[in-house]
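Analysis of the macromolecular model
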Amino acid sequence: MATTTKEMTEGAPLPLILNFTFPLLLGNILQQTYSLVDAAIVGKFLGINDLAAIGASTSVVFLILGFCNGCCCGFGIPVAQKFGARDYKTMRRYVTVSLQLAALMSIVIAVLTSVYCADILRSMQTPENIFHGAYYYLLVTFIGVPCTFFYNLLSSIIRALGDSKTPFWFLLFSTVLNIVLDLLFILRLGYGIAGAATATVLSQAVSAIGLWLYCWRKIPETRLTRKDFKINRPLVRQVFSYASLTCIQQSVMNFGILMVQGLVNSFGTSVMAAFTAAVKIDSFAYMPVQDFGNAFSTFTAQNYGAGKKERILQGFKKAFWMTTLFCLLLSALIFLTAPWLMQIFISPEEKEIIRIGVEYLRVEGSFYLGIGYLFLWYGFYRAVCKPEMSIILTILSLGTRVALAYLLASIPSIGVHGIWWSIPIGWALADIYGQVYYWKKKRYLLVPPTVSQ
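Rules of the game
Residues numbered from 1 in each chain as written. Predicted model: local features only at pLDDT ≥ 70, side-chain atom pairs only at ≥ 80, totals over all residues. Heavy atoms only, no water. Helix = DSSP H or I, 4+ residues; strand = E, 2+ residues; numbered from the N terminus. Rg over C-alpha atoms; globule rule 2.2 N^0.38 Å. Buried < 20%, exposed > 50% of the residue type's maximum accessible area, 1.4 Å probe, protein only. Areas by Shrake-Rupley, 256 points an atom, 1.4 Å probe, with all protein chains shown as cover. Lys, Arg positive; Asp, Glu negative; His and termini not counted. Charge placed at Lys NZ, Arg CZ, Asp CG, Glu CD. Phe/Tyr/Trp six-rings, centres within 6.5 Å; stacked < 30°, edge-to-face > 60°. pLDDT = per-residue confidence, 0-100. Patch = residues over 30% accessible without salt bridge, like charges linked within 9 Å, V, L, I, M, F, W, Y side chains within 5 Å. Salt bridge = Lys/Arg side-chain N within 4 Å of Asp/Glu carboxyl O. Contact = heavy atoms within 4.5 Å. Core = buried A, V, L, I, M, F, W, Y, C linked by side-chain atoms within 4.5 Å.

**Thoughts on the overall build of the protein chain**
Looking only at helices and strands, one finds 16 helices and zero strands in the protein chain. A compact globule built from 453 residues should have a C-alpha radius of gyration of about 22 Å, and the protein chain, at 22 Å, falls within 12% of that. Considered along the principal axes of its C-alpha atoms, the protein chain spans approximately 60 × 55 × 35 Å. Buried residues in the protein chain amount to 53% of all 453 residues. Accessible area for the protein chain stands at about 20,900 Å²; split by element, carbon and sulfur atoms hold 67% of it. Computing the positive centroid from 35 side-chain charges and the negative centroid from 21, the protein chain places the two 14 Å apart.

Structure (structure tokens):
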């Protein structure tokens, strides 16, 4: 057994899940920090237009990266299951299938998005004064999709083996290299905004190569041979099913968020500004429970593969109470500090904007239990070969939010308050459905399916 991997099928569940969570959380914080540094470099040395060009490209890049991350998350689950079962031969077959599908999908995405790059920007009504910069930034990003895909895939595979620390160190290396290359390409070589995108792609390419070499040298269970690359249709179908379903979930989530944003925009600039600032605070606040849900998913997948039903149930109970405690404390903290948190983004003189943002945070933030439980259900159903349930829960959560938001916001006496209240109601309905489905299918959920090898 390689020392870099971590079997989560033995030992106290909660410490294992928490130890896995911390590097994930640090990685997310690092990515948030890097995005600010990257924007600062572009804004300071290239100017407002280039910064706006990146801003105009952000939503498209987010959709593409969301697709890649969704696929990689789906690829990692069967790897974790077979690792937990100590069936390393089949695990390697899953790894090779994931690599093959990732190569095909990333190339197709890169070609299509590169060809239609200009059309994408025009459909977004990108202003002419920033169109040129946005085009080259997106084009380089699209060409580099295979690098992004393989970097995320290899990180996902290593996490599936119970090691979340190694991907974090490579993420740290990638971030530092990205900043160094930003400064080199922008200041010394004068590549402009295309240099910023090139720096990101190259740093991910170097990190992907580093991760591959790391797997080869430190994790013998992942050393692939020619026999591992033999095409196996049942395995291909299973892996593709996981990947496509997680991608659909991510797409549904993004679409729902865009629809809510459109409704918010109809209430004017003050509500837009308040919502933008509050959502930043909000997403940062519940980041730990999201990472905890992902860690719980890996724990569940390994034990599911090992056939340890009672251990999964034990871990679920521990995770449930940990989530409950954390979310209650977090809700109280956000409720009390909301006015000061809003002032991180909004000037104290903008009292109306701060008031609106505080109202949002106190309504939505009081029910963090809903999103905390929902992340647990997402992780659980992905791990037990029910990724379609994650889609159903996402549709329930976001569908309810969108429908209620538009309905309540149209009532003059409720207005924008309806948008805020629709969020926790959507979470609650999805949680209830996840629980009811679990009660009904409990007998069958924790029995691993058989797949022809």
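**Topic: the packing of aromatic side chains**
Inspection of the entire model under this criterion finds 24 aromatic pairs. Geometrically, the ring pair formed by Phe296 and Phe299 is stacked, given 6.5 Å between the ring centres and 25° between the ring planes. Note that Phe296 and Phe299 are positioned in helix α11 (residues 287–305) at a spacing of three residues, about one turn of the helix. A relative accessible area of 0% places Phe296 in the buried class. For Phe299, a relative accessible area of 0% puts it in the buried group.

**Examining the confidence of the model for the protein chain**
The share of residues in the protein chain with pLDDT of 70 or more is 92%, and the mean pLDDT across the chain is 83. Element-level pLDDT for the protein chain is lowest in helix α9 (residues 233–265), with a mean of 72, against a maximum mean of 92 in helix α12 (residues 309–342).

**Description of a nonpolar patch on the surface**
Residues Leu104, Ile107, Val108, Val111, Leu112, Val115 and Tyr116 make up a contiguous nonpolar surface patch of roughly 670 Å² in combined accessible area. One can find Val111 in helix α3 (residues 88–115). Overall, the relative accessible area of 47% leaves Val111 in the partly exposed class.

**A word on the side chain of Asp182**
Note on placement: Asp182 falls in helix α7 (residues 165–188). For Asp182, a relative accessible area of 0% translates into the label buried. Residues within four places of Asp182 in sequence aside, it is in contact with Tyr34, Asp38, Ile41, Leu187, Gly195, Ala196 and Ala199.

**Overview of the pattern of salt bridges**
If you walk through the whole model with that rule in mind, you get four salt bridges. Here Asp119 ties to Arg122 by a salt bridge, and the two come within 3.9 Å at their closest N and O atoms. With a gap of three residues between them, Asp119 and Arg122 both fall in helix α4 (residues 117–123), about one helical turn apart. Accessibility expressed as a relative area gives 52% for Arg122, which makes it exposed. Measuring nitrogen to oxygen at the nearest pair gives 3.7 Å for the salt bridge that ties Glu388 to Lys386. Using a relative accessible area of 25% as the deciding quantity, one classes Lys386 as partly exposed.

**Thoughts on the nonpolar core**
As a rule of thumb, nonpolar side chains are buried together in soluble globular proteins. If you look at the biggest cluster of nonpolar residues, it comprises 132 residues, and the most contacted ones within it are Phe75, Phe149, Phe380 and Tyr381. Here Phe149 is in contact with Cys68, Cys71, Cys72, Phe75, Ala102, Met105, Ser106 and Ile109, once residues within four sequence places are set aside.

**Observations regarding a positive patch on the surface**
Together, Lys309, Lys317, Lys442 and Arg443 make up a positively charged patch on the protein surface. Mapped onto the positive patch, the elements with two or more residues apiece are α12 and α16 (417–445). On the secondary structure map, Arg443 appears in helix α16.

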